[in-house]
Structures are given as C-alpha cells and as structure tokens.
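Chain by chain, the residues:
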Amino acid sequence: KGPVMALAVTGLFANAAAAQSNDNKEYRVTASLPIAVTHFTQSSSQRGWNEGWLNNPGLILEIDKVLHKIDDTTDLRGGIVAGTYYNSIYQTSVLAGVTFEIEKRIGENVLLHAGTPMGVVTGYNETRPAIAPYIGISAEIFQKTRIGLRAQWLPLKTAGSMVGIESKTDALAAQITLSRSF
C-alpha cells in the first residue's frame, strides 16, 4: 500500500504543477527501448543474470510536459511512465509511475537529459518500489521528433537496502529513445 500511495500523491503533485505551467502546452511522448544491460557483480561466478546486448527486450512509454522553465535553455519536465520489459532474473516486469527530468539545450538541435522515473515494478517475486536515474542526449531528426541514447542506473542493491529489499547487485541499462512532441 505504501508505494501505491506514494505514487498517487506524487502523480497528483505532478498534475497540479503541470496545470500551473502555461509556458509550454506541448506534451512529449517518448518510447524507450532497452538495448544493453550489465550488472555490477564482483565475481563472474556470481553472474547468471539476463544481461548483454538485446537480451532484455521491452518498451517503456513516457508522457511528459514542461512543469517549469528554469532559464532560456533549461526546463524541468514531469509526467507519467509505464512499460514492460524482460528483466535480469528472466521474468517479465511491468512498471508504472511518474517521471521528472531536467532538460538542457546545448545546441540548435541537441538536448542533454538528466532525470528519473519513480514508481512500482513487478516481476521480482513481488511488486516493489522502483527508481532509476538516467542521463542522456537526444537530437532532433525531424520537426518535433528526436532520437536519443540514455544510460540508466538501476540501484537494485543500493536503493533496495534503504527500503528493506534485498538484492545482490546494481545494474546499468542502455536505451534508445524516440520522442515526439504534440
């Protein structure tokens, strides 16, 4: 109940903040495809994870918008995220939550991204809270359409230990993103 309640409250906050922002009425839809995963296990004999290139197929969708313009080149974005993927213990996971991102324009068509989805995820023997910070870069390929690359930290062991969830390793995932603004 705790993670679901936290998710609901955070979602209400994101919607309220979005309603107050009149700077940018466009929504952005981003599809994220996992392309590689590795785990920070100390010994190769401890491995046995589903990892490597193209071994964790899935699709994660985000819908977000500008919540606050920090300056002329930097925005705080917020929205919702949901998706499914084949996880590191060879199970199908479903995730849902909210997402927040700082987006910084560094060139005419290039953006840097730093953010995190937060919510709940299934497929690890129980439904559990999830957070997965990322950094990324994207470039405009057509008007209002961007392609990008993300490196996402999955702090399974680090963050899990803070909420009483045992995990043997953290992981790093690489993703290709495709975004369209409406």
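Description of the structure in this document. (Residues numbered from 1 in each chain as written. Predicted model: local features only at pLDDT ≥ 70, side-chain atom pairs only at ≥ 80, totals over all residues. Heavy atoms only, no water.)

## Topic: the pattern of salt bridges
All chains considered together, the criterion is met by nine salt bridges. Of the charged contacts, one joins Arg28 and Glu101 as a salt bridge, the two residues approaching to 3.0 Å between their closest N and O atoms. Residue Arg28 is located in strand β1 (residues 28-39), and its partner Glu101 is located in strand β5 (residues 92-105); the two are separated by 73 residues in the primary sequence. In this structure, Arg150 and Glu62 form a salt bridge, with 2.7 Å as the shortest nitrogen-oxygen distance. Taken together, the residues span a long stretch of sequence, with Arg150 in strand β9 (residues 145-154) and Glu62 in strand β3 (residues 58-71) at a distance of 88 residues. (Salt bridge = Lys/Arg side-chain N within 4 Å of Asp/Glu carboxyl O. Helix = DSSP H or I, 4+ residues; strand = E, 2+ residues; numbered from the N terminus.)

## Regarding the packing of aromatic side chains
According to the stated counting rule, one finds one aromatic pair in the structure shown. Centre to centre, the rings of Tyr86 and Tyr90 are 6.4 Å apart; their planes meet at 75°, and the pair counts as edge-to-face. Look at Tyr90 and you get partly exposed, because its relative accessible area is 42%. Between the NZ or CZ atom of Arg150 and the centre of the ring of Tyr134, over which it lies, the distance is 4.0 Å. (Phe/Tyr/Trp six-rings, centres within 6.5 Å; stacked < 30°, edge-to-face > 60°. Buried < 20%, exposed > 50% of the residue type's maximum accessible area, 1.4 Å probe, protein only. Lys NZ or Arg CZ within 6 Å of the ring centre and 35° of its normal.)

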